[in-house]
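So the chains spell out like this:
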Amino acid sequence: MQTLKSDANHRYFLSATRALSHDETFCPPQDLLRMGDTSVRYGALNDSAFSHRFHNSNLLREAFQSYDLSSDEMFFLEALERFRYHFLGSDFYRGTRISLKIFRETSLKIQENKLRDLYFKIISFLENDGNPPKKLSIRHVTWLKKLKDSLEDQALFFEHSLKFIGARPQRLKNKIDSSETSFTDSQQVSSSFENSSEEEKIIPAFKEDLLKKESKATEFSSLSQQRKKTMKNVIIDASMMKDAEISEEAYKIFTKKYDEIIDASRLTSREEREVLCHELESKSMLFKEQINPLAQKLYRFLKTQSPIQWKFDEEEGYLNGARLSQKIIDPTFRYIYKSMAPNDSLGTAVTVLVDNSGSMRGRPITLAALSASFLAQTLERCGVKLEVLGFTTIAWQGGKSFQEWTQKGKSPCPGRLNDTRHIIYKSFETPWARARLSLGVMLKEGILKENIDGEALLWAAGRLFKTEERRKILIMISDGASIDDMTLAHNPPGYLEKHLKSVLKTLNHASHLHLFAIGIGHDVTRLYSKAITLKSADFLGKTLFEELPKLFKEEEKI
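For clarity, every value in this text was computed on a predicted model and none was experimentally measured.

S.K.: Looking at this structure, I do not really get the packing of aromatic side chains. What am I missing?
M.R.: Aromatic rings considered in pairs are described by the distance between their centres and by the relative angle of their planes. Under the counting rule described, the total for this entry stands at seven aromatic pairs. Pairing Tyr119 with Phe120 gives two aromatic rings, centres 5.2 Å apart and planes at 65 degrees, and the pair type is edge-to-face. Assessed through its relative accessible area of 2%, Tyr119 is described here as buried. Taking the centre distance of 5.4 Å and the plane angle of 25 degrees together, the rings of Tyr251 and Tyr495 count as stacked. Residue Tyr251 is located in the loop between α12 (214-247) and β1 (260-263), and its partner Tyr495 is located in helix α20 (residues 495-508); the two are separated by 244 residues in the primary sequence. Exposure remark for Tyr495: the relative accessible area of 7% places this residue in the buried category. Taken together, Phe50, Phe54 and Tyr93 form an aromatic cluster joined through their ring pairs.

Rendered as structure tokens:
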């Protein structure tokens with residue numbers, strides 16, 4: 001009876017954890033299910049589920065290798081990251097807050113009093129959304145606000161967290177040429193997410209099950225070597241893009257201090273987002289008849305392309321014939337199943353970048369939002385990461401940048417003279433169900449102004465290169481060339497287009513990146529090597545779904 005009760009508890013915990021993780025194939029580490037302390041076990045299982053759903057452990061590990069950090073600084077950054085995905089998860093499931101708080105307090109490893117005190121001040125501000133804690137410098141208060149704004153973006157949140165401890169990046173050459181020994185040593189110290197001890201009995205998500213076969217470890221070792229090789233290319237590509245943006249003397253920016261990268265949810269109230277989303281979904285009914293068959297076709301195609309990985313020694317799933325003899329010998333033995341999971345660690349990440357200029361107003365922007373919505377739903381079902389971004393300016397005909405330039409005497413050839421606004425409608429980490437309301441914000445009157453394509457492409461590609469997926473697809477949807485009246489009026493002719501061409505040249509040489517453009521009523525084939533021009537926005541969805549499989553079939557760029 002005790003065994004049956006234990007099995008029922010295990011099934012209950014597995015079911016609850018999978019529900020929280022939004023992944024039917026997710027299985028938390030077995031040690032979590034056997035923990036004695038009920039409160040800590042609940043917290044550990046909830047942590048495991050939310051980590052699987054909102055956290056990328058590879059991104060954190062790679063970032064740790066890029067900075068010179070002490071062990072306490074690493075514990076500080078890990079604790080903040082753990083709070084970040086706990087905050088996102090408990091926002092949906094408020095009943096998990098107490099158990100997660102107990103788990104955080106139990107697993108906190110920061111020894112240095114100063115860092116420990118700073119950690120509690122930060123989470124107090126993020127939890128209570130109140131005034132900044134006392135005795136913090138103006139610099140820290142500024143980064144506190146940026147931390148809160150970037151809770152849904154792991155990479156950006158980590159970047160802001162580094163500011164609190166003044167971490168300095170290691171040299172790129174040292175990172176790429178580091179020996180296997182130093183890589184291993186760095187891993188052993190760097191991440192308590194992946195190296196919790198047996199004595200603590202708190203094992204985070206993504207730790208390998210100790211019952212797995214040695215042959216499986218060899219397979220993962222080969223996969224790790226591939227990922228390291230991929231990450232090396234990503235580092236080089238990201239560095240190359242940064243050089244293209246900064247070192248190009250022909251393109252200048254008068255000031256960046258008024259630019260903003262903003263989540264779409266911050267542009268409207270929740271009530272307005274719900275109204276806009278309802279408006280968008282009401283228009284999707286006519287669109288569904290045309291797109292649904294294409295979405296199903298894309299889904300079937302991607303399922304045939306997805307590499308499959310078997311997980312052995314599971315408590316449920318497909319029957320593993322090789323384990324039946326052990327079941328006969330020991331009737332209480334439960335690990336006789338195997339489960340099938342897509343191996344997307346070296347898969348594909350897709351970014352859809354939408355021109356949010358004023359000329360897109362009306363039917364073009366509506367169909368762009370609908371296409372992105374259908375695409376997000378389809379790719380999420382296939383385990384393919386998708387990000388939807390938009391770009392525009394904060395004001396018409398120059399904003400605060402132009403005013404500052406005027407006040408300072410109007411120096412000749414000032415460079416870009418408007419304030420850019422880059423919008424995140426759906427990040428890679430955000431599931432479609434949560435991003436659904438944000439996609440409707442594209443229809444909001446007033447946000448569609450001017451467009452500076454070159455900088456937007458660099459921004460979108462930079463975010464794309466932070467993903468661990470080997471194949472990266474960037475789709476640009478635009479209805480015209482780069483237009484910013486004040487910039488074009490006070491700089492040499494063709495100023496923005498020349499910069500766009502330079503950016504495209506850089507991106508076309510980046511390994512693993514496939515760039516594709518869709519022009520609505522505007523010929524983009526003269527700028528983009530892979531592009532298609534539509535006479536009307538009505539063909540946008542059909543074209544997007546028909547062209548995407550071709551990008552997946554393209555040979556890898558090395």
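S.K.: Teacher, can you tell me more about unusual backbone geometry here?
M.R.: Most peptide bonds take the trans configuration, and most residues that are not glycine carry a negative phi. Residue Gln397 is not a glycine yet carries a positive backbone phi of 50 degrees. Topologically, Gln397 is positioned in the loop between β6 (385-393) and α16 (400-407). For Gln397, a relative accessible area of 44% gives the class partly exposed. The phi torsion at Lys410 lies on the positive side, around 55 degrees, for a residue other than glycine.

S.K.: Got a minute to help me understand the sheet that holds strand β10 (residues 531-534) in this structure?
M.R.: The strands making up a sheet are joined through hydrogen bonds of the backbone, oriented either antiparallel or parallel. The strand order β1-β7-β6-β5-β8-β9-β10 describes an open sheet built from seven strands, whose pairing is mixed. Strands with a single pairing partner mark the edges of an open sheet, and in this sheet they are β1 and β10. Ignoring which end each strand starts from, the neighbouring axes of this sheet average 20 degrees apart. Where β6 lies against strand β7 (residues 420-426), six bridges are found, and the strand directions are antiparallel. Each residue of the ladder has a partner; that of Gly390, found in β7, is Ile423.

S.K.: Explanation requested: the packing of helix α5 (residues 71-92) against helix α6 (residues 97-107) in the structure shown.
M.R.: Two numbers describe how α5 lies on α6: the axes approach to 10 Å, and their chain directions differ by 170 degrees. When the interaxial angle is binned, α5 and α6 end up roughly antiparallel. Residues Arg82, Phe83, His86, Ser90 and Asp91 of α5 touch α6, and the partners they reach there are Arg97, Leu100, Phe103, Arg104 and Ser107. Looking at the contact of α5 with α6, its residues break down into three nonpolar, three polar and four charged.

Procedures and definitions
Along every chain, residues carry numbers that run from 1 in the direction the sequence is written. With pLDDT at 70 or above as the cut-off, local features in this predicted model cover only qualifying residues; side-chain atom pairs require 80 or more to be listed or tallied, and sums for whole chains, interfaces and linings still use all residues. Side-chain numbers here rest on the full set of heavy atoms in the structure, without hydrogens or water. Pairs were defined over the aromatic rings of Phe, Tyr and Trp, the Trp ring being its six-membered one, requiring ring centres within 6.5 Å. Orientation was assigned from the angle between planes: stacked under 30 degrees, edge-to-face over 60, tilted for the rest. Three labels apply to residues, based on accessible area from a 1.4 Å probe with only protein chains included: buried if under 20% of the type maximum, exposed if over 50%, partly exposed otherwise in between. Counting from the N terminus, the helices are the DSSP runs of H or I reaching at least four residues and the strands are the DSSP runs of E reaching at least two. Each pair of strands is called paired provided DSSP finds at least two bridges between the two strands. Whenever a helix is involved, its axis is fitted only over the stretch in contact; in every case the axis is a line through C-alpha atoms, and angles between N-to-C directions fall within 0 to 180 degrees. Any angle from 65 to 115 degrees is called roughly perpendicular, while one under 35 is roughly parallel, one over 145 is roughly antiparallel, and all others are oblique. Contacts are residue-level and defined by heavy atoms, with any inter-residue pair within 4.5 Å sufficient. Ten residues, namely Ala, Val, Leu, Ile, Met, Phe, Trp, Tyr, Cys and Pro, are considered nonpolar, four, namely Asp, Glu, Lys and Arg, are considered charged, and the remaining ones, Gly among them, are considered polar.

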